[in-house]
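This is what each chain is made of:
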Amino acid sequence: MSLDKNNSQYSKIAKLFHWGFVLLFVYGVAKQVEDINQLEDNAFFRFEIIFALIFLFLLIIRLIYMKTTQKTSLPEDTPRIQKISAKIIHNGMYALLAGTALSGLSIGFLFWIELKEGILIDIIIFFHELNVNLLYWFIGIHIIAATFHRLKRDGVWSSMVPFLKEKKLK
Ligand code: HEM
Ligand code: HEM
């Protein structure tokens, strides 16, 4: 597959959302709650909740923008199974990003109404951690797939990634 068969390119806004979320997610993981007792600190608690709300709000805007204005840069003759896999991983990442923020907010809500321990909060924390760990797997597969496209030189990598771009054939 050569580059000239695929001219699809994501818009600047699409790239800003994609790479902005990479930074936001790395930041969210770096400052993660390591112990539930940290939530006793009011300023920390408020910051976590505001961060998760902004994260969720931007994610919804991103999803609407991407679904209404952009399309995948996978070449048209990509095998069906590969197209479906890409869809599952992309939509899965949206679901898991939303799930992480929503389960985090649920922990915050239970904490706020003084249900700070017990089976309910333990279950939600379990889901929150499961969500985050699944997300790591999905992101790992996504990066391997992007690298595979870079090696194939089919234009998919360069449609989103600003470095190590393929040279244009024409
Ligand atoms: C988008 C926002 C959020 C991100 C990216 C995020 C990320 C994480 C990560 C990476 C972990 C560790 C998972 C693991 O060890 O397997 C974690 C654990 C946790 N998070 Fe979040 N989180 C978010 C929002 C929240 C919110 C809003 C709250 C509550 C106010 C919260 C409360 C917790 C708690 C209680 C744990 C478990 C800590 C423990 O091990 O005892 N998170 N979060
Ligand atoms: C937190 C990490 C990441 C997440 C959550 C993520 C998520 C996504 C999502 C949801 C899409 C579909 C388009 C969209 O709706 O924006 C996408 C496309 C893409 N991403 Fe990522 N991404 C991440 C990191 C990366 C990295 C590190 C690379 C490359 C090194 C990469 C390369 C690409 C490429 C090439 C596309 C276009 C795929 C296509 O058109 O089918 N992504 N990403």
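Here the structure is a predicted model, which is why all the values come from computation and not from measurement.

A. Layout of the site of ligand 1. The environment of ligand 1 is formed by 24 residues, the closest being Gly-28, Gln-32, Val-33, Gly-104 and Gly-108. The greatest single-element share of the shell around ligand 1, amounting to six residues, is contributed by helix H3 (residues 80-112). Classifying every residue of the shell around ligand 1 gives 13 nonpolar, seven polar and four charged.

B. Region of interest: the packing of helix H2 (residues 42-69) against H3. Where H2 contacts H3, the two axes come as close as 10 Å, and the packing angle between them is 150°. By the criterion of interaxial angle, the relationship of H2 to H3 is roughly antiparallel. Crossing handedness for the pair H2 and H3: left-handed. Residues Phe-45, Glu-48, Ile-49, Ala-52, Phe-55, Leu-56, Leu-59 and Leu-63 of H2 form the contact with H3, whose participating residues are Tyr-94, Leu-97, Ala-98, Ala-101, Gly-104, Leu-105 and Gly-108. Residue composition of the contact of H2 with H3, by class: 12 nonpolar, two polar and one charged.

C. Inspection of unusual backbone geometry at higher detail. Backbone geometry at Glu-114 places phi at a positive 70°, although glycine is not the residue there. Mapped onto the fold, Glu-114 is located in the loop between H3 and helix H4 (119-152). Of note, the phi angle at Leu-164 is positive, near 50°, even though the residue is not glycine. For Leu-164, the location among the structural elements is in the segment after helix H5 (156-160).

D. Structural detail: the site of ligand 2. Around ligand 2, the surrounding shell holds 21 residues, and the nearest of these are Met-66, Thr-72, Ser-73, Ala-146 and Met-160. When residues of the shell around ligand 2 are traced back to their parent elements, those giving at least two are helix H1 (12-30), H3, H4 and H5. In terms of residue class, the shell around ligand 2 is made up of 15 nonpolar, six polar and no charged.

E. Local environment of the confidence of the model for the protein chain. When the pLDDT values of the protein chain are averaged, the result is 93; 94% of them are 70 or greater. Low pLDDT (under 50) marks residues 1-7, which in the prediction has 16 contacts with non-local residues, meaning those over four places away or in another chain.

F. Inspection of the environment of Ser-103 at higher detail. Mapped onto the elements, Ser-103 comes out in helix H3. Separated by 26 residues in sequence, Ser-103 and Glu-129 place their C-alpha atoms 9.1 Å apart. Filtering out sequence-adjacent residues up to four positions away, Ser-103 remains in contact with Ile-124, Phe-127, His-128 and Asn-131.

G. Local environment of the packing of H1 against H2. Interhelical geometry of H1 versus H2 gives an angle of 155° and a closest axis separation of 11 Å. One finds that H1 runs roughly antiparallel with respect to H2. In the packing of H1 onto H2, the handedness of the crossing is left-handed. On H2, the residues that touch Ile-13, Ala-14, Phe-17, Phe-21, Leu-24 and Gly-28 of H1 are Phe-51, Phe-55, Arg-62, Tyr-65 and Met-66. When its residues are assigned to classes, the contact of H1 with H2 shows nine nonpolar, one polar and one charged.

Each value, and the rule that gives it
Residue positions are given per chain, counting from 1 as you read along its sequence in written order. Both sets of labels track the order of writing: A upward for chains, 1 upward for ligands. In keeping with the model being predicted, local features are shown solely for residues with a pLDDT of at least 70 and side-chain atom pairs are shown and tallied solely at 80 or more, while totals for entire chains, interfaces and linings include all residues. For each residue, a C-beta position is placed from the backbone atoms; the residue is near a molecule or strand when that point lies within 6 Å of it. Only runs of H or I of at least four residues qualify as helices and only runs of E of at least two qualify as strands under DSSP, and these elements are numbered from the N terminus. Each residue receives one of three labels: charged for Asp, Glu, Lys and Arg, nonpolar for Ala, Val, Leu, Ile, Met, Phe, Trp, Tyr, Cys and Pro, and polar for the others, Gly being one of them. Axis lines are fitted to C-alpha atoms, over the contacting stretch for helices. Their N-to-C directions set the angle, which ranges from 0 to 180 degrees. Each angle receives one of four descriptions, namely roughly parallel if under 35 degrees, roughly antiparallel if over 145, roughly perpendicular if within 65 to 115, and oblique otherwise. For any pair of crossing helices, the crossing counts as left-handed if the nearer helix is rotated counterclockwise from the farther one by less than a right angle, and right-handed if it is rotated clockwise. We call two residues in contact when their backbone-placed C-beta atoms lie within 7 Å. On a scale of 0 to 100, pLDDT captures the predictor's confidence in every residue.

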